[in-house]
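Structural features, examined
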Amino acid sequence: DSDFEVEAKFDSLPAVQYQFEGIIAEDANGIGLRFDVLQDGKPQLQAFVGRNIGAAAPAQVSRTSIADIPIPASGNSGTIHLRVKREGQHWTFSTSPDGLSWTEATSFDQALAVARLGVFAGNYQAAGNPPVFPVEVDYFNNLASPLGSEDGKIINRFPAISVTGPAANATFAAPASIAITVN
């Protein structure tokens, strides 16, 4: 639980209402903050920050929106870079179409004992089947010890990954899980 700055590059963009992808920070009980881009039916993507407060049981969690800001459409050619920085209790969320030019979406103060940090994605639909959202994460980088040349010499190939989870069109309630097998 210390200060950090992380960056993720997604080679996918939410295109259908209620698709989202981003960075999540949680405490040991799964309560935390989500920093994402989402498609909520407006003409352009939204930078969204949400906060989960309360007990970890889904029925008891209160979800509060901290920010819901339009992202300029220019420059988003199928990729988006997200950056989250925490200094003490101060958080900053920024977006970039190219990883070079950054726009601060929002900043705010929030105490959180971070135990887990990573990328996430999802989709939602109140009734019926949620829209398929094939998410592509290029990288997730801790800027305190950054990766070398992102597209430099390939040393190891990515392993084959198979995901077994809810059957197609299945409905399940949280806390549900999927199994990921690395071959």
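In this text the structure is predicted, and so the values were computed from the model without any measurement.

Each value, and the rule that gives it
- Residues numbered from 1 in each chain as written.
- Predicted model: local features only at pLDDT ≥ 70, side-chain atom pairs only at ≥ 80, totals over all residues.
- Heavy atoms only, no water.
- Patch = residues over 30% accessible without salt bridge, like charges linked within 9 Å, V, L, I, M, F, W, Y side chains within 5 Å.
- Areas by Shrake-Rupley, 256 points an atom, 1.4 Å probe, with all protein chains shown as cover.
- Salt bridge = Lys/Arg side-chain N within 4 Å of Asp/Glu carboxyl O.
- Helix = DSSP H or I, 4+ residues; strand = E, 2+ residues; numbered from the N terminus.
- Buried < 20%, exposed > 50% of the residue type's maximum accessible area, 1.4 Å probe, protein only.
- pLDDT = per-residue confidence, 0-100.
- Contact = heavy atoms within 4.5 Å.
- Lys, Arg positive; Asp, Glu negative; His and termini not counted.
- Polar contact = N/O pair within 3.5 Å; in protein donor to acceptor, adjacent residues only side chain to side chain.
- Pairing = 2+ DSSP bridges.
- Axes fitted to C-alpha atoms, helices over the stretch in contact; angles between N-to-C directions.
- Core = buried A, V, L, I, M, F, W, Y, C linked by side-chain atoms within 4.5 Å.
- Phe/Tyr/Trp six-rings, centres within 6.5 Å; stacked < 30°, edge-to-face > 60°.

Quick word on a nonpolar patch on the surface
Residues Leu117, Val119, Val135, Val137 and Phe140 make up a contiguous nonpolar surface patch of about 320 Å² in total accessible area. Contributions of two or more residues to the nonpolar patch are made by strand S9 (116–123) and strand S10 (137–142). On the secondary structure map, Val135 appears in the loop between S9 and S10. Assessed through its relative accessible area of 30%, Val135 is described here as partly exposed.

Regarding the confidence of the model for the protein chain
Of the residues in the protein chain, 69% have a pLDDT of 70 or more, and the chain-wide mean is 78. In this model residues 56–63 is a low-confidence stretch, pLDDT under 50, and it forms 16 contacts with partners more than four residues away in sequence or in other chains.

Considerations on the side chain of Glu21
Considering the arrangement of structural elements, one finds Glu21 in strand S2 (residues 19–26). For the buried residue Glu21, which engages in no salt bridge, the nearest side chain bearing the opposite charge is Lys9, 11 Å off. Within polar-contact distance, the side chain of Glu21 engages the side chain of Ser12 at 2.8 Å.

Quick word on unusual backbone geometry
Positioned with a positive phi, Tyr18 is a non-glycine residue whose angle comes to about 75 degrees. Since its relative accessible area comes to 39%, Tyr18 is described here as partly exposed.

Brief notes about the sheet that holds strand S1 (residues 4–10)
Strand pairs in the sheet, formed through backbone hydrogen bonds, run parallel or antiparallel to each other. Read from one edge to the other, the open sheet built from five strands follows the order S8-S7-S6-S1-S10, with strand pairing classed as antiparallel. The two strands at the open ends of the sheet, each matched to only one other strand, are strand S8 (103–109) and S10. Across this sheet, the average inter-strand angle for adjacent strands is 10 degrees, counted without regard to direction. Taken together, the five bridges between S1 and S10 define a ladder with antiparallel strand orientation. Across the sheet, residue Phe10 finds its bridge partner in S10, namely Val137.

Side note on the side chain of His81
Its location among the elements puts His81 in strand S6 (residues 80–87). Of the residues examined, His81 reaches a relative accessible area of 5% and is grouped as buried. Once you skip the residues sitting within four places of it in the chain, His81 turns out to touch Glu7, Ala8, Lys9, Ser94, Thr95, Ser96, Pro97, Asp98, Gly99, Trp102 and Tyr139.

Here we look at the nonpolar core
Counting residues in each nonpolar core, the largest one holds 22 residues, and the members touching the most others are Phe35, Leu82, Val84, Trp91 and Phe93. Listed by contribution, the elements that provide at least two residues to this core are S1, S2, strand S3 (32–39), strand S4 (46–53), S6, strand S7 (90–96) and S8. For this core, the element with the most residues is S1, which contributes four residues.

Quick notes on the pairing of S8
Judged from the six bridges that link them, S7 and S8 form a sheet pairing that is antiparallel. Bridging across to S8, Ser94 finds its partner in Glu104. Where S7 folds back on S8, the antiparallel hairpin that results is connected by six residues, among which Gly99 adopts a positive phi of roughly 80 degrees.

Points about the packing of aromatic side chains
All chains considered together, the criterion is met by six aromatic pairs. Ring centres of Phe4 and Trp91 lie 5.8 Å apart, and the angle between their planes is 75 degrees; on these two criteria the pair is classed as edge-to-face. With Phe4 in strand S1 and Trp91 in strand S7, this pair connects stretches of sequence that are 87 residues apart. Each member of the pair, Phe4 as well as Trp91, is classed as buried. Pairing Phe20 with Phe120 gives two aromatic rings, centres 6.0 Å apart and planes at 45 degrees, and the pair type is tilted. Of this pair, Phe20 sits in strand S2 while Phe120 sits in strand S9; the two residues are 100 residues apart in sequence, bridging distant segments of the chain. Taking the relative accessible area as the measure of exposure, Phe20 reaches 16% and is therefore buried.

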